[in-house]
Structure formats: structure tokens, C-alpha cells
Amino acid sequence: FLQDFSVASQDNDLQSVSFKPDGAKMYVLGDQNDKVYEYDLSTPWDVTSASFLQDFSVASQDTDPE
């Protein structure tokens, strides 16, 4: 079963996606703004239940994160 979730309101150049081991959080690395975006998943592993929590800039560490 495939699910999708748009993060276009935060970044349009996504590089990678990671999950917390329990599936309760999703982390998205965006190259457009050089940030890591954190989302809460109200239903573990279900990206359709994601809600944006916060972001963290990595620009001072890497201007082209991948």
C-alpha cells in the first residue's frame, strides 16, 4: 500500500527521508533551503498522518546537503 505526503510547503528539492525507529517521527532533508524538517506521525509509519513540527538549518555545516 503506497502513501504520499507533500512537503512542498517547506521545500521543493528533497534529498532523503528517515524515520524514528518507532515510526512516530519522520525527518526530511531538503536542499532548497538546506534544512532538516521534522514531522510528527500520529499513526506510526503512516505518512498521511504527518504534521509539521519544526525545522533545523544545516546551511552552516553543508550548503548542498544530500
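In case you missed it, the structure is sitting above this.
Keep in mind the model is a prediction, meaning the values are calculated, not measured.

Conventions and cut-offs
- Residues numbered from 1 in each chain as written.
- Predicted model: local features only at pLDDT ≥ 70, side-chain atom pairs only at ≥ 80, totals over all residues.
- Heavy atoms only, no water.
- Core = buried A, V, L, I, M, F, W, Y, C linked by side-chain atoms within 4.5 Å.
- Buried < 20%, exposed > 50% of the residue type's maximum accessible area, 1.4 Å probe, protein only.
- Helix = DSSP H or I, 4+ residues; strand = E, 2+ residues; numbered from the N terminus.
- Salt bridge = Lys/Arg side-chain N within 4 Å of Asp/Glu carboxyl O.
- Pairing = 2+ DSSP bridges.
- Axes fitted to C-alpha atoms, helices over the stretch in contact; angles between N-to-C directions.
- Patch = residues over 30% accessible without salt bridge, like charges linked within 9 Å, V, L, I, M, F, W, Y side chains within 5 Å.
- Areas by Shrake-Rupley, 256 points an atom, 1.4 Å probe, with all protein chains shown as cover.

Chemist: I would appreciate a short explanation of the nonpolar core in the present structure.
Modeler: Grouped together as the largest cluster of nonpolar side chains are eight residues: Val7, Met26, Val28, Tyr37, Tyr39, Leu41, Val47 and Ala50. Looking at this core, the elements that each hand over two or more residues are strand S2 (25-30) and strand S3 (35-41). The greatest single-element share of this core, amounting to three residues, is contributed by S3.

Chemist: Got a minute to help me understand the pattern of salt bridges in this structure?
Modeler: If the charged atoms of two oppositely charged side chains come close together, the side chains can form a pair. Under the defined criterion, the tally for this structure stands at four salt bridges. Glu38 is the partner of Lys25 in a salt bridge, and the nearest nitrogen-oxygen pair spans 3.2 Å. Here Lys25 is found in strand S2, whereas its partner Glu38 is found in strand S3, with 13 residues between them in sequence. Here Lys25 matches Glu38 in class, with each residue buried. Among the ionic pairs, Lys35 bridges to Asp55, the shortest N-O distance being 3.7 Å.

Chemist: Teacher, can you tell me more about the environment of Gly23 here?
Modeler: Mapped onto the fold, Gly23 is located in the loop between strand S1 (14-19) and S2. Given a relative accessible area of 0%, Gly23 falls into the buried group. As for Gly23 and Asp46, which are separated by 23 residues in sequence, their C-alpha atoms are 8.1 Å apart.

Chemist: How should I be thinking about the sheet that holds S1 in this particular structure?
Modeler: Two strands in a sheet stick together by hydrogen bonds in their backbones, pointing the same way (parallel) or opposite ways (antiparallel). Reading across from one edge, S1-S2-S3-S4 is the order of the four strands in this open sheet, with antiparallel pairing throughout. Pairing within the sheet leaves two strands with one partner each, and these edge strands are S1 and strand S4 (50-57). When strand polarity is set aside, the average angle formed by the axes of neighbouring strands in this sheet is 20°.

Chemist: Where do I start with a nonpolar patch on the surface in this structure?
Modeler: Together, Val17, Phe19 and Trp45 make up a nonpolar patch on the protein surface, roughly 290 Å² of accessible area in all. On the secondary structure map, Phe19 appears in strand S1.

Chemist: Can you walk me through unusual backbone geometry in this structure?
Modeler: Phi at Trp45 is positive, roughly 70°, even though this residue is not glycine. According to the relative accessible area criterion, Trp45 is partly exposed, its value standing at 48%.

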